[in-house]
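So you can see what is in the structure, the chains are spelled out below.
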Amino acid sequence: MGGDDAFEVMYMAKLKGLLAGHGIEVHYPNDRAGIDIGLHLFAENTATQARVWFQVKGKHASTLPAERVGDSVAVSVLVGYVGYWYSHPEAAYLVVYVESLDMFLAADIRELVDTQWPEGLADLPTHQESVTLHVPIGARLDRDRLTGMMAHRSMRIDGPASRGRPLGHRFDPLRSRFSPPEPPLFDAVVDSLLKAHRFARMEERTIAKDLRVVRGQLHETMTWQPQLFTEIGFDSDDAVRIEGAPSAVQGDVLFIIDSSPDGAGLDVAEERLLDELLEQARTDGFYLGVIGNRGDTELLTDRIWRQRVMPHMVGAAPERFIGLEAITNLVLVATLVYLDFAPQLRFDYVNFVP
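Below is a short write-up of the structure. Keep in mind it's a predicted model, so treat the numbers as computed, not measured.

1. Section: the nonpolar core
So, point 1. Counting residues in each nonpolar core, the largest one holds 32 residues, and the members touching the most others are Phe 255, Ile 327 and Val 331.
So, point 2. At the level of secondary structure, the elements contributing two or more residues to this core comprise helix H5 (183-196), strand S12 (211-224), strand S13 (247-258), strand S14 (287-292), helix H9 (324-333) and helix H10 (335-341).
So, point 3. Setting aside residues no more than four positions away along its own chain, Ile 327 makes contact with Phe 178, Phe 186, Val 189, Val 190, Leu 193, Ile 291 and Ile 322.
So, point 4. Counting 26 residues, the second largest nonpolar core, distinct from the first, contains Val 69, Val 73, Leu 94 and Val 131.

Structure follows, in C-alpha coordinates:
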(Lines give C-alpha, C1' and ligand atoms only; values in the text may rest on other atoms or scores of the structure.)
Protein backbone atom coordinates (compact mmCIF):
# COMPACT_ATOMS: atom_id res chain seq x y z
CA MET A 1 0.00 0.00 0.00
CA GLY A 2 1.41 3.37 -1.04
CA GLY A 3 1.53 6.44 1.15
CA ASP A 4 -1.49 8.09 -0.51
CA ASP A 5 -3.56 4.92 -0.13
CA ALA A 6 -2.69 4.62 3.56
CA PHE A 7 -3.55 8.29 4.07
CA GLU A 8 -6.95 7.79 2.41
CA VAL A 9 -7.72 4.73 4.51
CA MET A 10 -6.86 6.73 7.64
CA TYR A 11 -9.00 9.80 6.91
CA MET A 12 -11.95 7.78 5.60
CA ALA A 13 -11.97 5.81 8.87
CA LYS A 14 -11.96 9.09 10.82
CA LEU A 15 -14.80 10.44 8.69
CA LYS A 16 -16.93 7.33 9.19
CA GLY A 17 -16.39 7.63 12.92
CA LEU A 18 -17.62 11.24 12.80
CA LEU A 19 -20.69 10.30 10.76
CA ALA A 20 -21.58 7.20 12.79
CA GLY A 21 -23.76 8.97 15.35
CA HIS A 22 -25.83 10.82 12.77
CA GLY A 23 -27.15 8.14 10.45
CA ILE A 24 -26.51 5.03 8.42
CA GLU A 25 -23.67 4.93 5.93
CA VAL A 26 -24.63 4.46 2.28
CA HIS A 27 -21.74 2.87 0.46
CA TYR A 28 -21.11 1.75 -3.11
CA PRO A 29 -19.11 -1.51 -3.20
CA ASN A 30 -17.44 -0.37 -6.43
CA ASP A 31 -16.04 3.10 -7.02
CA ARG A 32 -17.93 3.73 -10.25
CA ALA A 33 -20.56 6.29 -9.23
CA GLY A 34 -18.28 9.34 -8.95
CA ILE A 35 -18.99 9.74 -5.24
CA ASP A 36 -17.36 8.26 -2.15
CA ILE A 37 -19.95 7.83 0.60
CA GLY A 38 -23.51 8.75 1.54
CA LEU A 39 -25.32 9.22 4.83
CA HIS A 40 -29.00 8.52 5.53
CA LEU A 41 -29.59 10.99 8.35
CA PHE A 42 -31.31 9.95 11.57
CA ALA A 43 -32.99 12.13 14.21
CA GLU A 44 -33.60 10.74 17.69
CA ASN A 45 -32.86 7.22 16.40
CA THR A 46 -35.48 7.58 13.65
CA ALA A 47 -34.74 7.64 9.93
CA THR A 48 -35.48 10.99 8.28
CA GLN A 49 -36.23 11.73 4.64
CA ALA A 50 -32.80 13.29 4.15
CA ARG A 51 -29.77 11.70 2.51
CA VAL A 52 -26.52 13.50 1.75
CA TRP A 53 -23.48 12.48 -0.25
CA PHE A 54 -19.78 13.18 0.22
CA GLN A 55 -16.87 13.28 -2.20
CA VAL A 56 -13.78 13.20 0.01
CA LYS A 57 -10.27 14.53 -0.60
CA GLY A 58 -7.26 14.73 1.68
CA LYS A 59 -4.40 17.19 2.12
CA HIS A 60 -1.15 15.83 3.57
CA ALA A 61 0.49 17.91 6.28
CA SER A 62 3.63 17.94 4.14
CA THR A 63 1.63 19.46 1.25
CA LEU A 64 -0.39 21.93 3.33
CA PRO A 65 1.24 22.70 6.69
CA ALA A 66 -0.85 24.56 9.27
CA GLU A 67 0.99 27.85 8.80
CA ARG A 68 0.09 27.91 5.10
CA VAL A 69 -3.65 27.37 5.58
CA GLY A 70 -5.50 30.53 4.54
CA ASP A 71 -9.18 31.43 4.18
CA SER A 72 -9.87 28.39 2.02
CA VAL A 73 -8.39 25.12 0.83
CA ALA A 74 -7.97 24.65 -2.91
CA VAL A 75 -9.03 21.32 -4.40
CA SER A 76 -8.59 20.34 -8.04
CA VAL A 77 -11.43 18.22 -9.48
CA LEU A 78 -12.48 17.06 -12.94
CA VAL A 79 -15.01 19.35 -14.64
CA GLY A 80 -17.24 16.41 -15.52
CA TYR A 81 -17.54 15.42 -11.89
CA VAL A 82 -18.41 18.98 -10.85
CA GLY A 83 -21.31 19.05 -13.31
CA TYR A 84 -22.49 15.64 -12.10
CA TRP A 85 -22.40 16.61 -8.42
CA TYR A 86 -24.06 19.98 -9.08
CA SER A 87 -26.97 18.26 -10.86
CA HIS A 88 -27.28 15.46 -8.29
CA PRO A 89 -30.91 15.13 -7.05
CA GLU A 90 -29.70 14.96 -3.45
CA ALA A 91 -27.24 17.21 -1.63
CA ALA A 92 -23.60 16.51 -2.52
CA TYR A 93 -20.70 17.88 -0.46
CA LEU A 94 -17.03 18.25 -1.23
CA VAL A 95 -15.20 17.18 1.93
CA VAL A 96 -11.51 17.91 2.55
CA TYR A 97 -9.43 16.42 5.36
CA VAL A 98 -6.64 18.82 6.35
CA GLU A 99 -4.10 16.64 8.14
CA SER A 100 -2.10 19.51 9.62
CA LEU A 101 -5.21 20.77 11.42
CA ASP A 102 -6.77 17.32 11.94
CA MET A 103 -9.99 18.81 10.59
CA PHE A 104 -12.65 18.00 8.00
CA LEU A 105 -14.11 20.81 5.90
CA ALA A 106 -17.34 20.33 3.95
CA ALA A 107 -19.03 22.59 1.39
CA ASP A 108 -22.22 22.06 -0.58
CA ILE A 109 -20.99 21.71 -4.16
CA ARG A 110 -23.85 23.79 -5.55
CA GLU A 111 -22.90 26.64 -3.22
CA LEU A 112 -19.22 26.33 -4.20
CA VAL A 113 -20.02 26.46 -7.91
CA ASP A 114 -22.52 29.32 -7.56
CA THR A 115 -19.99 31.34 -5.52
CA GLN A 116 -17.21 30.95 -8.08
CA TRP A 117 -19.41 31.07 -11.18
CA PRO A 118 -22.53 33.25 -10.63
CA GLU A 119 -24.38 31.65 -13.56
CA GLY A 120 -23.82 28.16 -12.16
CA LEU A 121 -23.18 25.43 -14.70
CA ALA A 122 -23.61 27.90 -17.56
CA ASP A 123 -20.36 29.60 -16.47
CA LEU A 124 -18.42 26.42 -15.73
CA PRO A 125 -15.33 26.28 -18.01
CA THR A 126 -16.18 22.98 -19.68
CA HIS A 127 -13.31 23.39 -22.17
CA GLN A 128 -10.93 22.61 -19.29
CA GLU A 129 -10.24 19.12 -17.99
CA SER A 130 -10.29 20.22 -14.35
CA VAL A 131 -11.11 23.22 -12.18
CA THR A 132 -10.07 24.36 -8.71
CA LEU A 133 -12.74 24.64 -6.04
CA HIS A 134 -12.07 26.64 -2.88
CA VAL A 135 -13.54 25.14 0.31
CA PRO A 136 -13.82 27.83 3.04
CA ILE A 137 -11.80 27.18 6.19
CA GLY A 138 -14.87 28.10 8.23
CA ALA A 139 -16.89 25.23 6.74
CA ARG A 140 -15.85 22.77 9.43
CA LEU A 141 -17.61 19.42 9.40
CA ASP A 142 -18.64 18.74 12.97
CA ARG A 143 -21.68 17.49 14.87
CA ASP A 144 -23.56 20.79 14.62
CA ARG A 145 -22.98 20.92 10.88
CA LEU A 146 -24.22 17.37 10.41
CA THR A 147 -27.34 18.12 12.44
CA GLY A 148 -28.01 21.12 10.20
CA MET A 149 -28.01 18.85 7.14
CA MET A 150 -31.45 17.66 8.24
CA ALA A 151 -32.73 20.63 6.23
CA HIS A 152 -31.95 18.77 3.00
CA ARG A 153 -34.84 16.92 1.40
CA SER A 154 -35.21 13.92 -0.87
CA MET A 155 -38.35 13.83 -3.01
CA ARG A 156 -39.62 11.65 -5.82
CA ILE A 157 -40.27 13.63 -8.99
CA ASP A 158 -41.46 10.76 -11.18
CA GLY A 159 -45.05 10.96 -9.90
CA PRO A 160 -47.96 13.30 -10.65
CA ALA A 161 -47.20 16.87 -11.65
CA SER A 162 -49.09 20.16 -11.80
CA ARG A 163 -48.28 22.42 -14.74
CA GLY A 164 -45.03 20.48 -15.18
CA ARG A 165 -43.98 20.92 -11.53
CA PRO A 166 -43.55 17.73 -9.51
CA LEU A 167 -45.97 17.64 -6.59
CA GLY A 168 -44.31 14.98 -4.44
CA HIS A 169 -47.79 13.57 -3.65
CA ARG A 170 -50.91 12.32 -5.49
CA PHE A 171 -53.54 14.75 -4.16
CA ASP A 172 -55.37 16.87 -6.71
CA PRO A 173 -54.86 20.54 -5.69
CA LEU A 174 -58.21 21.51 -7.28
CA ARG A 175 -60.41 18.74 -5.88
CA SER A 176 -59.25 18.18 -2.29
CA ARG A 177 -59.77 20.03 1.00
CA PHE A 178 -58.11 19.85 4.38
CA SER A 179 -60.11 19.35 7.53
CA PRO A 180 -59.96 22.44 9.77
CA PRO A 181 -56.71 22.09 11.74
CA GLU A 182 -56.31 23.28 15.29
CA PRO A 183 -55.65 27.08 15.41
CA PRO A 184 -51.88 26.83 16.18
CA LEU A 185 -51.37 24.46 13.23
CA PHE A 186 -53.48 26.66 10.95
CA ASP A 187 -51.40 29.69 11.93
CA ALA A 188 -48.19 27.79 11.24
CA VAL A 189 -49.42 26.69 7.78
CA VAL A 190 -50.47 30.24 6.84
CA ASP A 191 -47.16 31.72 8.04
CA SER A 192 -45.26 29.10 6.05
CA LEU A 193 -47.24 29.93 2.89
CA LEU A 194 -46.55 33.64 3.33
CA LYS A 195 -42.85 32.93 3.85
CA ALA A 196 -42.80 30.76 0.71
CA HIS A 197 -44.01 33.81 -1.24
CA ARG A 198 -41.37 36.05 0.37
CA PHE A 199 -43.70 38.00 2.63
CA ALA A 200 -41.96 40.91 4.37
CA ARG A 201 -43.88 41.47 7.61
CA MET A 202 -44.24 45.13 8.63
CA GLU A 203 -46.81 44.86 11.43
CA GLU A 204 -48.77 42.19 13.27
CA ARG A 205 -51.60 42.84 15.74
CA THR A 206 -53.55 40.34 17.82
CA ILE A 207 -57.20 41.41 17.77
CA ALA A 208 -58.84 38.58 19.73
CA LYS A 209 -58.33 34.93 20.56
CA ASP A 210 -57.30 33.10 17.35
CA LEU A 211 -57.59 36.33 15.35
CA ARG A 212 -54.71 38.50 14.16
CA VAL A 213 -53.93 41.03 11.46
CA VAL A 214 -50.67 40.99 9.52
CA ARG A 215 -49.54 43.77 7.24
CA GLY A 216 -46.59 43.79 4.85
CA GLN A 217 -45.40 43.12 1.31
CA LEU A 218 -45.67 39.95 -0.76
CA HIS A 219 -42.56 40.05 -2.92
CA GLU A 220 -43.76 37.12 -5.05
CA THR A 221 -47.24 36.62 -6.49
CA MET A 222 -49.42 34.28 -4.43
CA THR A 223 -51.83 32.49 -6.79
CA TRP A 224 -54.64 30.05 -6.03
CA GLN A 225 -57.59 28.59 -7.91
CA PRO A 226 -61.03 28.52 -6.24
CA GLN A 227 -62.83 25.19 -6.17
CA LEU A 228 -66.24 26.87 -6.23
CA PHE A 229 -66.06 27.24 -10.02
CA THR A 230 -63.98 24.11 -10.72
CA GLU A 231 -65.41 20.87 -12.09
CA ILE A 232 -65.01 18.40 -9.22
CA GLY A 233 -66.16 15.24 -11.00
CA PHE A 234 -65.16 14.67 -14.61
CA ASP A 235 -64.68 11.79 -16.99
CA SER A 236 -61.13 10.65 -17.67
CA ASP A 237 -61.86 10.93 -21.40
CA ASP A 238 -62.67 14.65 -21.11
CA ALA A 239 -60.04 16.67 -22.92
CA VAL A 240 -60.73 19.79 -20.86
CA ARG A 241 -62.14 20.14 -17.37
CA ILE A 242 -63.70 23.36 -16.17
CA GLU A 243 -61.41 25.26 -13.81
CA GLY A 244 -62.04 28.36 -11.75
CA ALA A 245 -60.22 31.52 -12.79
CA PRO A 246 -57.04 32.00 -10.73
CA SER A 247 -56.91 34.60 -7.98
CA ALA A 248 -53.65 36.34 -7.21
CA VAL A 249 -52.11 38.96 -4.95
CA GLN A 250 -48.72 40.66 -4.75
CA GLY A 251 -47.32 43.82 -3.20
CA ASP A 252 -48.79 45.71 -0.22
CA VAL A 253 -51.23 43.48 1.64
CA LEU A 254 -53.16 43.29 4.89
CA PHE A 255 -54.49 39.87 5.87
CA ILE A 256 -56.96 39.15 8.63
CA ILE A 257 -56.12 35.63 9.81
CA ASP A 258 -59.04 33.91 11.54
CA SER A 259 -57.65 30.58 12.77
CA SER A 260 -60.72 29.43 14.70
CA PRO A 261 -62.80 26.73 12.93
CA ASP A 262 -65.89 28.21 14.62
CA GLY A 263 -65.23 31.79 13.55
CA ALA A 264 -64.18 34.86 15.45
CA GLY A 265 -66.29 36.53 18.14
CA LEU A 266 -65.50 40.20 18.70
CA ASP A 267 -66.47 42.61 21.44
CA VAL A 268 -67.02 46.31 20.85
CA ALA A 269 -63.40 47.34 21.56
CA GLU A 270 -62.05 44.61 19.26
CA GLU A 271 -64.43 45.63 16.48
CA ARG A 272 -63.29 49.24 16.84
CA LEU A 273 -59.60 48.27 16.62
CA LEU A 274 -60.26 46.10 13.56
CA ASP A 275 -62.16 48.92 11.86
CA GLU A 276 -59.26 51.31 12.45
CA LEU A 277 -56.75 48.88 10.93
CA LEU A 278 -58.97 48.19 7.92
CA GLU A 279 -59.63 51.85 7.23
CA GLN A 280 -55.91 52.63 7.45
CA ALA A 281 -55.14 49.79 5.03
CA ARG A 282 -57.70 51.09 2.54
CA THR A 283 -56.36 54.63 2.86
CA ASP A 284 -52.82 53.37 2.20
CA GLY A 285 -53.95 51.38 -0.84
CA PHE A 286 -53.24 47.94 0.62
CA TYR A 287 -54.85 44.76 -0.73
CA LEU A 288 -57.24 43.48 1.93
CA GLY A 289 -58.00 39.77 2.41
CA VAL A 290 -59.41 37.39 4.99
CA ILE A 291 -57.71 34.02 5.55
CA GLY A 292 -59.97 31.69 7.51
CA ASN A 293 -60.01 28.18 8.94
CA ARG A 294 -63.33 27.30 7.27
CA GLY A 295 -64.58 26.53 3.79
CA ASP A 296 -64.41 29.28 1.20
CA THR A 297 -68.22 29.68 1.09
CA GLU A 298 -68.56 29.64 4.89
CA LEU A 299 -65.93 32.36 5.16
CA LEU A 300 -67.50 34.46 2.42
CA THR A 301 -70.95 34.34 4.04
CA ASP A 302 -69.72 34.87 7.61
CA ARG A 303 -71.77 37.70 9.14
CA ILE A 304 -68.82 39.38 10.90
CA TRP A 305 -66.62 39.47 7.81
CA ARG A 306 -69.41 40.61 5.50
CA GLN A 307 -70.37 43.43 7.85
CA ARG A 308 -66.96 44.53 9.04
CA VAL A 309 -64.63 43.82 6.11
CA MET A 310 -66.55 44.09 2.84
CA PRO A 311 -67.20 47.85 3.18
CA HIS A 312 -63.42 48.39 3.17
CA MET A 313 -62.80 46.21 0.10
CA VAL A 314 -62.58 47.73 -3.35
CA GLY A 315 -63.75 45.31 -6.04
CA ALA A 316 -63.56 41.50 -6.39
CA ALA A 317 -64.59 40.98 -2.77
CA PRO A 318 -65.38 37.22 -3.02
CA GLU A 319 -61.86 36.51 -4.28
CA ARG A 320 -60.43 38.06 -1.12
CA PHE A 321 -61.89 35.41 1.19
CA ILE A 322 -59.26 32.67 1.35
CA GLY A 323 -60.79 29.63 3.02
CA LEU A 324 -59.75 26.01 3.36
CA GLU A 325 -60.24 25.12 -0.33
CA ALA A 326 -57.89 27.95 -1.32
CA ILE A 327 -55.44 27.09 1.48
CA THR A 328 -55.44 23.45 0.35
CA ASN A 329 -54.72 24.52 -3.22
CA LEU A 330 -51.86 26.77 -2.11
CA VAL A 331 -50.31 24.10 0.13
CA LEU A 332 -50.57 21.22 -2.35
CA VAL A 333 -48.77 23.14 -5.09
CA ALA A 334 -46.11 24.46 -2.67
CA THR A 335 -44.46 21.08 -2.23
CA LEU A 336 -41.96 22.08 0.45
CA VAL A 337 -44.74 23.58 2.57
CA TYR A 338 -46.79 20.40 2.14
CA LEU A 339 -43.87 18.19 3.19
CA ASP A 340 -43.41 20.22 6.36
CA PHE A 341 -47.00 19.68 7.49
CA ALA A 342 -48.07 16.44 5.77
CA PRO A 343 -48.00 14.24 8.90
CA GLN A 344 -50.33 16.66 10.74
CA LEU A 345 -52.88 17.54 8.05
CA ARG A 346 -56.11 15.59 7.46
CA PHE A 347 -58.64 15.83 4.63
CA ASP A 348 -62.39 16.44 4.60
CA TYR A 349 -62.37 15.02 1.10
CA VAL A 350 -59.63 14.00 -1.27
CA ASN A 351 -59.25 13.27 -4.98
CA PHE A 352 -56.15 12.22 -6.83
CA VAL A 353 -54.41 13.69 -9.84
CA PRO A 354 -55.77 11.89 -12.92
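So, next bit.
2. Section: the pairing of strand S5 (residues 91-98)
So, point 1. With eight of eight residues buried, S5 is to be regarded as a mostly interior element.
So, point 2. The pairing of strand S3 (residues 46-59) with S5 spans eight bridges and is classified as parallel. Paired with Phe 54 across the strands is Tyr 93, a residue of S5.
So, point 3. Bridge count for S5 against strand S6 (residues 103-108) is six bridges, and the pairing is antiparallel. What sits directly across from Val 96, in S6, is Leu 105.
So, point 4. Once S5 ends, the chain turns through four residues before running back antiparallel as S6, passing Asp 102 with a positive phi of about 50°.

3. Details of the side chain of Glu 90
So, point 1. Residue position: Glu 90 is located in the loop between helix H2 (79-86) and S5.
So, point 2. The exposure class assigned to Glu 90 is buried, which follows from its relative accessible area of 10%.
So, point 3. Engagement of the side chain of Glu 90 in a polar contact is seen with the side chain of Trp 53, the distance being 2.8 Å.
So, point 4. With residues near it in sequence (within four places) discarded, Glu 90 still touches Arg 51, Trp 53 and Ser 154.

Cut-offs and rules
Residues numbered from 1 in each chain as written. Predicted model: local features only at pLDDT ≥ 70, side-chain atom pairs only at ≥ 80, totals over all residues. Heavy atoms only, no water. Core = buried A, V, L, I, M, F, W, Y, C linked by side-chain atoms within 4.5 Å. Buried < 20%, exposed > 50% of the residue type's maximum accessible area, 1.4 Å probe, protein only. Helix = DSSP H or I, 4+ residues; strand = E, 2+ residues; numbered from the N terminus. Contact = heavy atoms within 4.5 Å. Pairing = 2+ DSSP bridges. Polar contact = N/O pair within 3.5 Å; in protein donor to acceptor, adjacent residues only side chain to side chain.

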